Amino acid sequence: MAPSYFNDDNSLLNFVVKEGNGVKGMVDLGLTEVPGRYIQPPHHRINKQEVVGSHENVTIDLSELDGPNHEQVVKAIVHASETLGFFQVVNHGVPLEVLDSLKVTAHQFFGQPAEKKAVYLKEVSPSPLVKYGTSFIPENEKALEWKDFLSMIYTNDADARESWPNDCKTL
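Residues numbered from 1 in each chain as written. Predicted model: local features only at pLDDT ≥ 70, side-chain atom pairs only at ≥ 80, totals over all residues. Heavy atoms only, no water.

**Student:** Describe the overall build of the protein chain, with residues and values.
**Tutor:** Helix and strand counts for the protein chain stand at 7 helices and 4 strands. In sequence order, the protein chain lays out its α and β elements as α-α-α-β-α-β-α-α-β-β-α. Counting only C-alpha atoms, the protein chain reaches 55 × 45 × 25 Å along its principal axes. Of all 171 residues assigned to the protein chain, the portion counted as buried reaches 32%. Sequence-distant contacts in the protein chain: of pairs separated by 6 or more residues, those separated by 24 or more amount to 54%. (Helix = DSSP H or I, 4+ residues; strand = E, 2+ residues; numbered from the N terminus. Buried < 20%, exposed > 50% of the residue type's maximum accessible area, 1.4 Å probe, protein only. Contact = heavy atoms within 4.5 Å.)

This is how it looks when you write it as structure tokens:
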């Protein structure tokens, strides 16, 4: 059962979004039931019967993106995005060590107390390039998204080093 102080949408939004606790904060409280605001209305859900045949396009080879098969790769990305909502990319050129370091760094960031993460909430972040949040526009969404994110708009290496949260600069 959701903790009793989530008795309305405002208390949930305050805890998750405005105070920066995020979805992880709810889980850390021992949440045993998904709050109703996170449950997509049935008529907005993906119809599993309509996407049954599209699973063969889940893995996309990015090594083909700069070659003669560019349009096929783009179409595969669009198709997977529109029908499944996700896909895996392979041959992207990012070294495994960087991906492993990124996972460790993400765990470090999201493992911090809410007040440290809240510094980067999209409404108050000290950098226009770095944003922490949960849903994109929670006040307008029919169902909140079960995620927390830290995003960065990459412009160049110098801006990235300057803007990235200090606690995450081991990457």
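**Student:** Pulling in residues and values, what's your account of the nonpolar core?
**Tutor:** Within the largest apolar cluster, 11 residues are counted, these being Phe6, Leu12, Leu13, Phe15, Val16, Val17, Val23, Met26, Leu31, Tyr38 and Leu144. Sorting elements by how many residues they give to this core places helix α1 (residues 9-18) first, with 5 residues. Within the second largest apolar cluster, 10 residues are counted, among which are Phe110, Leu121, Val130 and Tyr132. (Core = buried A, V, L, I, M, F, W, Y, C linked by side-chain atoms within 4.5 Å.)

**Student:** Tell me about helix α5 (residues 96-110), and name the residues and values.
**Tutor:** With 15 residues, α5 should cover 21 Å at 1.5 Å per step; its first-to-last C-alpha distance of 21 Å lies within 8% of that length. Buried within α5 we find Thr105, Phe109 and Phe110. Here the buried residues of α5 occupy an arc of 120° about the axis, which is enough to place them on one side. Across α5 from its buried face, at more than 90 degrees, point the exposed residues Leu96, Glu97, Lys103 and His107. For α5, the secondary structure elements touched by its buried residues are α2 (22-28), α6 (114-117), β3 (130-133) and β4 (149-152). (Expected span 1.5 Å × (residues − 1). Arc of directions from axis to C-beta.)

**Student:** An account of the pattern of salt bridges is needed here, citing residue identities and associated values.
**Tutor:** Per the stated rule, a full pass over the model turns up 4 salt bridges. Between Lys103 and Asp100 there is a salt bridge; the shortest N-O distance is 4.0 Å. Note that Lys103 and Asp100 are positioned in helix α5 at a spacing of 3 residues, about one turn of the helix. (Salt bridge = Lys/Arg side-chain N within 4 Å of Asp/Glu carboxyl O.)

**Student:** Lay out unusual backbone geometry with the relevant residues and their values.
**Tutor:** Most peptide bonds take the trans configuration, and most residues that are not glycine carry a negative phi. One non-glycine residue, Asn91, adopts positive backbone phi at about 55°. Turning to its location among the elements, Asn91 is positioned in the loop between β2 (88-90) and α5.

**Student:** So, helix α4 (residues 70-83): which residues are in play, and what are the values?
**Tutor:** Compared with an ideal rise of 1.5 Å per residue, which puts 14 residues at 20 Å, α4 spans 20 Å between its outermost C-alpha atoms and is within 8% of the ideal. Next to the buried residues of α4 lie β1 (59-61). Positive phi appears at Gly85, one or two residues downstream of α4, with a value of about 90°.

**Student:** Give me the packing of aromatic side chains: which residues, what numbers.
**Tutor:** Scanning the model with the defined rule gives 5 aromatic pairs in all. A centroid spacing of 5.1 Å and a plane angle of 85° characterise the contact between Tyr38 and Trp146, whose relative ring orientation is edge-to-face. One end of the pair, Tyr38, is in the loop between α2 and α3 (48-51); the other, Trp146, is in the loop between β3 and β4, and 108 residues separate them in sequence. A relative accessible area of 9% places Tyr38 in the buried class. Seen from their ring centres, Phe110 and Tyr132 are 6.2 Å apart, and the 50° between their planes marks the pair as tilted. Residue Phe110 is found in helix α5, and its partner Tyr132 is found in strand β3; the two are separated by 22 residues along the sequence. (Phe/Tyr/Trp six-rings, centres within 6.5 Å; stacked < 30°, edge-to-face > 60°.)

**Student:** Any details on the side chain of Ser125? Residues and values, ideally.
**Tutor:** Note that Ser125 resides in the loop between α6 and β3. Engagement of the side chain of Ser125 in a polar contact is seen with the backbone oxygen of Ser127, the distance being 3.0 Å. Not counting residues within four places of it along the chain, the set of residues in contact with Ser125 comprises Val119, Tyr120, Val130 and Lys131. (Polar contact = N/O pair within 3.5 Å; in protein donor to acceptor, adjacent residues only side chain to side chain.)

**Student:** Residue-level account of a nonpolar patch on the surface, with values.
**Tutor:** Together, Val27, Val34, Ile39 and Trp146 make up a nonpolar patch on the protein surface, roughly 350 Å² of accessible area in all. Among the secondary structure elements, Val27 is positioned in helix α2. Exposure remark for Val27: the relative accessible area of 43% places this residue in the partly exposed category. (Patch = residues over 30% accessible without salt bridge, like charges linked within 9 Å, V, L, I, M, F, W, Y side chains within 5 Å. Areas by Shrake-Rupley, 256 points an atom, 1.4 Å probe, with all protein chains shown as cover.)

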